[in-house]
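# Summary of structural features
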Amino acid sequence: MNKVLGNLKLWQKFALIGLLTAVMTGAPTLVLFSGYLKEIRFVRNEVSGVEPVRAAMAIVKFTQQHRGLSGAVLSGDEQAVAKREAAKAEVDKAIAGAQAAGQALESRKLAEHLEGIARSWLALTPSVAGKSITPAESFNAHTALIASQLKVLDDVTEASGLALDPEAATYYIMLGSPTHAPALAEILGQMRARGTQYLSKKEMTPEQRATFGMQAGLLKERFNDLRDAFGRSAAADPAVAKALEKPLAEALAASERALRLVDEKLLKAQSLDHPPSQFFGDMTSGVDAQLALFDASMKVLEDELHAREAAQLRSITIVSVVIGLGAALVTWILLTITRMTMRAVDNAVSVASAMADGDLTRDVQSLSHDEIGQLLGAMQHMQANLRRVVGN
């Protein structure tokens, strides 16, 4: 190794030092940038799941409406026929939209799940339109279908990585939005459907009243879970608290109004004479408030993810500029030292060769105080002594 290095020219030795420096600094720089790029890819994948989550929730929303209106139609409410048909058209549109949005995730599991939901929906609607099933059978079939639709949210969060979000603020939004909020809306949707059916038939058994009472308690528990998740998210990021404060308060107020409506018009009512269409509309307002909270939280989630991506891109830019400037400075210093050293060495070699040929008139220039400068100074002193000897 010493022999190989000894045979290298001086500029080659400097070039070798520069190369080794580049390799030693390049490896950690590559690891750093790989980490930034990995985080950006992860966040972008999460962002790609936001729209499919919204699309999946749209299916749930309109299927819930169709369930309630189907119960009313099957219970003899002819005023609900046109509304049911409109809700059916919305479900058809939502399923097509979810299938289109889900293609971006390239998840076979999600695609198959959506295809299964589409088949189940196509099998259910003719029986409702033809009134070939009872209100109870319709409710059960719709509820089973909605349960399957809610699982699509899990498929989306799994495929997009949203379920594995590492940041507390966005993780708890994820826990609140695609988990607690849809479950809360579903409880209200079931109460809407059952209540509309009972009011249309103007009868309600003690067991059905007991079921309503249980659902009211479950509704309160779900809302507490939702509020807790958003509270944890807000604690991690105060901006979340500000963005969700109003829709969260409105969702709570709507839930309380829905519970009072159920209590007054169904559970404690002496006779079920409240208009079913009015009950359906009032309960829909409660459901819509939960869905508005869902939409607001998904907007906050999307904004948080975009902000995180922008922060990573800024970090890459800053680090790139710092490394670029540092590399330029090191390169300039290395080239300057190389030129100065080569110039001094060439001068020393030229003077030494001239002295070996008996020429003592060549000037020796020493412009530095390093080892090369000391060597040139010694040669200058030697040249002066030789001149005195030759002159004497």
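Preceding this paragraph is the structure being described.
### Quick notes on helix 9 (residues 276-356)
Taking 1.5 Å of rise per residue, 81 residues should cover 120 Å, and helix 9 covers 117 Å from first to last C-alpha, within 8% of that figure. One or two residues past the end of helix 9 sits Gly358, with phi positive at roughly 90°.

### Some details on the nonpolar core
Burial of nonpolar side chains together is a common tendency in soluble globular proteins. Counting residues in each nonpolar core, the largest one holds 69 residues, and the members touching the most others are Leu266 and Met283. Listing elements by their share of this core, those giving two or more residues are helix 2 (10-74), helix 3 (81-102), helix 4 (108-129), helix 5 (135-160), helix 6 (168-201), helix 7 (206-236), helix 8 (238-267) and helix 9. At 11 residues, the largest contribution of residues to this core is made by helix 2. With sequence-adjacent residues up to four places away left out, Leu266 is seen in contact with Gly195, Tyr198, Leu199, Met204, Arg209, Phe212, Leu261, Leu272 and Phe279.

### What about a nonpolar patch on the surface?
Together, Leu16, Leu19, Leu20 and Val23 give the surface a local cluster of nonpolar side chains, amounting to about 360 Å² of exposed area. Position of Leu19 relative to the elements: it lies in helix 2. Note on Leu19: relative accessible area 52%, which makes it exposed.

### Some thoughts on empty space enclosed by the protein
If you walk through the whole model with that rule in mind, you get one cavity of 30 Å³ or more. Of the volumes computed, that of the largest cavity is approximately 70 Å³. Of all elements in the fold, only helix 2 and helix 9 reach the threshold of two or more residues within the lining of the largest cavity. Residues of the lining of the largest cavity, tallied by class, amount to four nonpolar, three polar and two charged.

### Concerning the packing of helix 9 against helix 10 (residues 371-391)
Here helix 9 crosses helix 10 at 20°, and the two axes come no closer than 10 Å. Relative to helix 10, helix 9 is oriented roughly parallel. Where helix 9 crosses over helix 10, the two elements pack in a sense that is left-handed. For the pair formed by helix 9 and helix 10, the contact residues are Thr341, Ala344, Val345, Asn347, Ala348, Val351, Ala352 and Met355 on the first element and Ile372, Leu376, Met379, Met382, Gln383 and Leu386 on the second.

### Observations regarding the packing of aromatic side chains
All told, the structure shown has two aromatic pairs when counted by the stated rule. A ring pair is formed by Tyr171 and Tyr172, whose centres lie 5.2 Å apart and whose planes are at 75°; its orientation type is edge-to-face. By relative accessible area, which is 34% here, Tyr171 ends up partly exposed.

### Observations concerning the environment of Ile117
As for its position among the elements, Ile117 is in helix 4. The spatial distance from the C-alpha of Ile117 to the C-alpha of Pro52 is 15 Å, given a sequence separation of 65 residues. Ile117 has contacts with Ile95, Leu145, Ser148, Gln149 and Val152, leaving out every residue within four places of it along the chain.

### Digging into the environment of Gly391
When you line up the elements, Gly391 lands in helix 10. Judged by relative accessible area, which is 63%, Gly391 ranks as exposed. Taking C-alpha positions, Gly391 is 114 Å from Arg119, a pair spaced 272 residues apart along the chain.

### Remarks on helix 4
Relative to the 32 Å expected for 22 residues at 1.5 Å per residue, helix 4 spans 32 Å between its end C-alpha atoms, a close match to the ideal helical length. All of the buried residues along helix 4 are Leu110, His113, Leu114, Gly116, Ile117, Ala118, Trp121, Leu124, Thr125, Ser127 and Val128. Count one or two residues on from helix 4 and you reach Lys131, which has phi positive near 55°.

### A look at the side chain of Gln64
Within the secondary structure, Gln64 is located in helix 2. Apart from residues lying up to four places away in sequence, Gln64 is in contact with Ile146, Ala185, Glu186, Arg192 and Val287.

### Let's talk about the packing of helix 6 against helix 7
One can describe the packing of helix 6 onto helix 7 by two numbers: an axis separation of 8 Å at closest approach and a directional angle of 160°. Compared by their axis directions, helix 6 and helix 7 come out roughly antiparallel. Read as a crossing pair, helix 6 and helix 7 show a hand that is left-handed. Of the residues belonging to the contact of helix 6 with helix 7, the class tally is 21 nonpolar, nine polar and four charged.

### With respect to the pattern of salt bridges
Summed over the entire model, instances satisfying the criterion amount to 16 salt bridges. Notably, a salt bridge pairs Glu186 with Arg67, separated by 2.8 Å at the nearest N-O pair. Taken together, the residues span a long stretch of sequence, with Glu186 in helix 6 and Arg67 in helix 2 at a distance of 119 residues. Both residues of the pair, Glu186 and Arg67, belong to the buried class. Two residues, Glu112 and Arg108, come together in a salt bridge whose shortest N-O distance is 3.0 Å.

What counts, and at which threshold
- Residues numbered from 1 in each chain as written.
- Predicted model: local features only at pLDDT ≥ 70, side-chain atom pairs only at ≥ 80, totals over all residues.
- Heavy atoms only, no water.
- Helix = DSSP H or I, 4+ residues; strand = E, 2+ residues; numbered from the N terminus.
- Expected span 1.5 Å × (residues − 1).
- Core = buried A, V, L, I, M, F, W, Y, C linked by side-chain atoms within 4.5 Å.
- Buried < 20%, exposed > 50% of the residue type's maximum accessible area, 1.4 Å probe, protein only.
- Contact = heavy atoms within 4.5 Å.
- Patch = residues over 30% accessible without salt bridge, like charges linked within 9 Å, V, L, I, M, F, W, Y side chains within 5 Å.
- Areas by Shrake-Rupley, 256 points an atom, 1.4 Å probe, with all protein chains shown as cover.
- Salt bridge = Lys/Arg side-chain N within 4 Å of Asp/Glu carboxyl O.
- 1 Å grid on protein atoms, 1.4 Å probe; cavity = no way out; pocket = protein on both sides within 12 Å on 5 of 7 lines; lining within 4 Å.
- Points joined across faces, edges and corners; volume = space filled by probe spheres on them.
- Nonpolar A, V, L, I, M, F, W, Y, C, P; charged D, E, K, R; others polar.
- Axes fitted to C-alpha atoms, helices over the stretch in contact; angles between N-to-C directions.
- Parallel < 35°, antiparallel > 145°, perpendicular 65-115°, else oblique.
- Left-handed = near helix turned anticlockwise from the far one by under 90°.
- Phe/Tyr/Trp six-rings, centres within 6.5 Å; stacked < 30°, edge-to-face > 60°.

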